[in-house]
Amino acid sequence: MWHYLDGGRDTVCGRANREALDTMPLRPRPLTDVRGGHTRIELFGETLGHPLLLAPIAYQRLQHPDGECASAMAAAAQDGQMVVSTLASQPLEQIARAAEKPLWFQLYWQGDRERTARLLDRALAAGYRCVVFTVDAPIKLAASPLPADVRAVNIDAPAGRQLQPGQSEVFDGWMGDAPGWDDLAWLRARTPVPLLIKGVLHAADAARAVNLGCDGVVVSNHGGRVLDCAPPALSCLTAVITVVGNDVPVLFDSGIDSGSDALRALTLGARAVLVGRPYLWGLAAGGALGVAHVVRLLRDELEMSMALCGCATLADISADRCG
């Protein structure tokens, strides 16, 4: 369980994520009056107390028996938001009830439009208010055996394709079930709530997704877990923001371990960040209280970093002020 949770940090890509954040300085701006400051943010019609979203992570009952329900409760208690994984280990409806507020849903393509539509409709019926379509890991299953009582309870296991002689297991099997641009256009037309695309590193891909109607972009390399030679996500953030424009919220994911990390991404123009492993460490240590404690620590670190950089609100953050 520990290796699954910590996996990706010691890969080439995982180390690059950490190095990119560590080598980006923040410039102190003393003597600035920051009284009355706050970290509130308006995001897709929702007011949150801070820009630290809980990233979608699978099988959270590996870390604690209360699983995703505990994380959802903590996010709500800290006036934040959680993106619930397609591979959650508890029913979507149960997680939504635990939060007592509308959550976001992270959608993996289910191999075809019919199965994907069924999962999407189920999330919408449970009240999920945004859909985050993850495209950088077409097939994402557990890399190691799971305990008998932990599984992705909201989906059916993929059957797999029958390959013909001479066909490739990768190109015709694994990627044969992956979504394409036409599927993204179909999903946009099928989704009545804000739709974000997650796993974009190339500016041209971000522009194409926005042109197809996506409401937001999440710059992410999946925390270093997929393509080990991918660039650090932070190095791709500015180009994506430039090409999609200021009217399209761009969120940042991959490597956020502290409030100062979050400020670095916000300084480059990210509207909010997704936090992954740190909140699962809290979940493993203390269930819902552990997750809430981690979020509170990150919020405190973000506020302190902002104050030291002379920023009273998120609107004050810029490369000119903090970089």
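Up top is the structure.
How each quantity is defined
Residues numbered from 1 in each chain as written. Predicted model: local features only at pLDDT ≥ 70, side-chain atom pairs only at ≥ 80, totals over all residues. Heavy atoms only, no water. Helix = DSSP H or I, 4+ residues; strand = E, 2+ residues; numbered from the N terminus. Rg over C-alpha atoms; globule rule 2.2 N^0.38 Å. Buried < 20%, exposed > 50% of the residue type's maximum accessible area, 1.4 Å probe, protein only. Contact = heavy atoms within 4.5 Å. Areas by Shrake-Rupley, 256 points an atom, 1.4 Å probe, with all protein chains shown as cover. Lys, Arg positive; Asp, Glu negative; His and termini not counted. Charge placed at Lys NZ, Arg CZ, Asp CG, Glu CD. Right-handed = clockwise from strand over helix to strand, strands pointing away. Pairing = 2+ DSSP bridges. Phe/Tyr/Trp six-rings, centres within 6.5 Å; stacked < 30°, edge-to-face > 60°. Axes fitted to C-alpha atoms, helices over the stretch in contact; angles between N-to-C directions. Polar contact = N/O pair within 3.5 Å; in protein donor to acceptor, adjacent residues only side chain to side chain. Patch = residues over 30% accessible without salt bridge, like charges linked within 9 Å, V, L, I, M, F, W, Y side chains within 5 Å. Salt bridge = Lys/Arg side-chain N within 4 Å of Asp/Glu carboxyl O. Parallel < 35°, antiparallel > 145°, perpendicular 65-115°, else oblique. Left-handed = near helix turned anticlockwise from the far one by under 90°. Nonpolar A, V, L, I, M, F, W, Y, C, P; charged D, E, K, R; others polar.

Visitor: Outline the overall build of the chain, listing residues and values.
Guide: A tally of helices and strands in the chain yields 12 helices and 10 strands. A compact globule built from 323 residues should have a C-alpha radius of gyration of about 20 Å, and the chain, at 19 Å, falls within 12% of that. Seen along its three principal axes, the alpha-carbon backbone of the chain occupies a region of about 70 × 40 × 40 Å. Counting only residues that meet the buried cut, the chain has 52% of its 323 residues in that class. When contacts within the chain are restricted to residue pairs at least 6 apart in sequence, those whose partners lie at least 24 apart make up 72%. Only carbon and sulfur atoms are counted for the fraction: they give 54% of the accessible area of the chain, which is about 14300 Å². Within the chain, the 35 negative side-chain charges are centred at a point lying 2 Å from the centre of the 29 positive side-chain charges.

Visitor: An account of the pairing of strand E9 (residues 250-253) is requested, with residue identities and associated values reported.
Guide: The side chains of a regular strand alternate, first on one face of the sheet and then on the other. Residues Val250 and Phe252 of E9 are buried on one face, and the alternating residues Leu251 and Asp253, pointing to the opposite face, are buried as well. A crossover links strand E8 (residues 216-219) with its parallel partner E9, the connecting element being helix H9 (residues 234-244), and its sense is right-handed. Where E9 meets strand E10 (residues 272-275), three bridges bridge the pair, whose relative direction is parallel. From the neighbouring strand, Asp253 faces E10, where its bridge partner is Leu274. The handedness of the E9 to E10 crossover, carried by helix H10 (residues 259-267), is right-handed.

Visitor: Help me get a handle on the packing of aromatic side chains, residues and values and all.
Guide: For the structure shown, the criterion picks out four aromatic pairs. Note on Phe105 and Tyr128: the rings are 5.8 Å apart at their centroids and 65 degrees apart in plane angle, and the pair reads as edge-to-face. Here Phe105 is found in strand E5 (residues 104-107), whereas its partner Tyr128 is found in the loop between helix H5 (113-125) and strand E6 (130-134), with 23 residues between them in sequence. Each of the two residues, Phe105 as well as Tyr128, counts as buried. By way of ring pairs, the aromatic residues Trp109, Phe133 and Trp186 are connected into one cluster.

Visitor: A description of the sheet that holds strand E7 (residues 195-200) should follow, citing residues and the corresponding values.
Guide: Pairing in this open sheet of eight strands is parallel, and the strands run E3-E10-E9-E8-E7-E6-E5-E4 from one edge to the other. Two strands in the sheet have a free side with no partner beyond their single neighbour: strand E3 (52-54) and strand E4 (83-84). Its contacts with the sheet put helix H7 (residues 181-190) on E5, E6 and E7, and the angle it makes with E7 is roughly 150 degrees.

Visitor: Outline the side chain of Asp253, supporting the account with residue identities and numerical values.
Guide: Its place among the elements puts Asp253 in strand E9. For Asp253, a relative accessible area of 7% translates into the label buried. Separated by 2.5 Å, the side chains of Asp253 and Ser220 make a polar contact. Separated by 3.2 Å, the side chains of Asp253 and Ser254 make a polar contact. Each residue touching Asp253, except ones within four places of it in the same chain, is listed here: Ala55, Lys198, Val218, Val219, Ser220, Asn221, His222, Gly223, Ala233 and Leu274.

Visitor: Tell me about a nonpolar patch on the surface, and please be specific about residues and values.
Guide: Together, Val170, Phe171, Trp174 and Met175 line one region of the surface with nonpolar side chains, adding up to about 420 Å² of accessible area. Looking at where Trp174 falls in the secondary structure, it is placed in helix H6 (residues 169-174). Residue classification places Trp174 among the partly exposed positions, given a relative accessible area of 39%.

Visitor: Go over the environment of Pro179, please, and point to the residues and values.
Guide: Here Pro179 is to be found in the loop between H6 and H7. Spatially, the C-alpha atoms of Pro179 and Gly49 are 34 Å apart, while their sequence positions differ by 130 residues. If we ignore the near neighbours within four places in the chain, the residues touching Pro179 are Trp109 and Phe133.

Visitor: Give me the environment of Ala203: which residues, what numbers.
Guide: Relative to the helices and strands, Ala203 resides in helix H8 (residues 203-211). Once the C-alpha coordinates of Ala203 and Gln63 are considered, the two residues, 140 residues apart in sequence, prove to be 35 Å apart.

Visitor: Describe the packing of H10 against helix H11 (residues 277-308), naming the residues involved and giving the relevant values.
Guide: It is the contact of H10 with H11, at a shortest axis distance of 7 Å, that shows an interaxial angle of 55 degrees. As far as their axial angle goes, H11 and H10 are oblique. The crossing of H10 and H11 is right-handed. Residues Gly259, Ser260, Ala262, Leu263 and Leu266 of H10 pack against Leu298, Glu301, Leu302, Ser305 and Met306 of H11. For the contact of H10 with H11, the residue count by class is six nonpolar, three polar and one charged.

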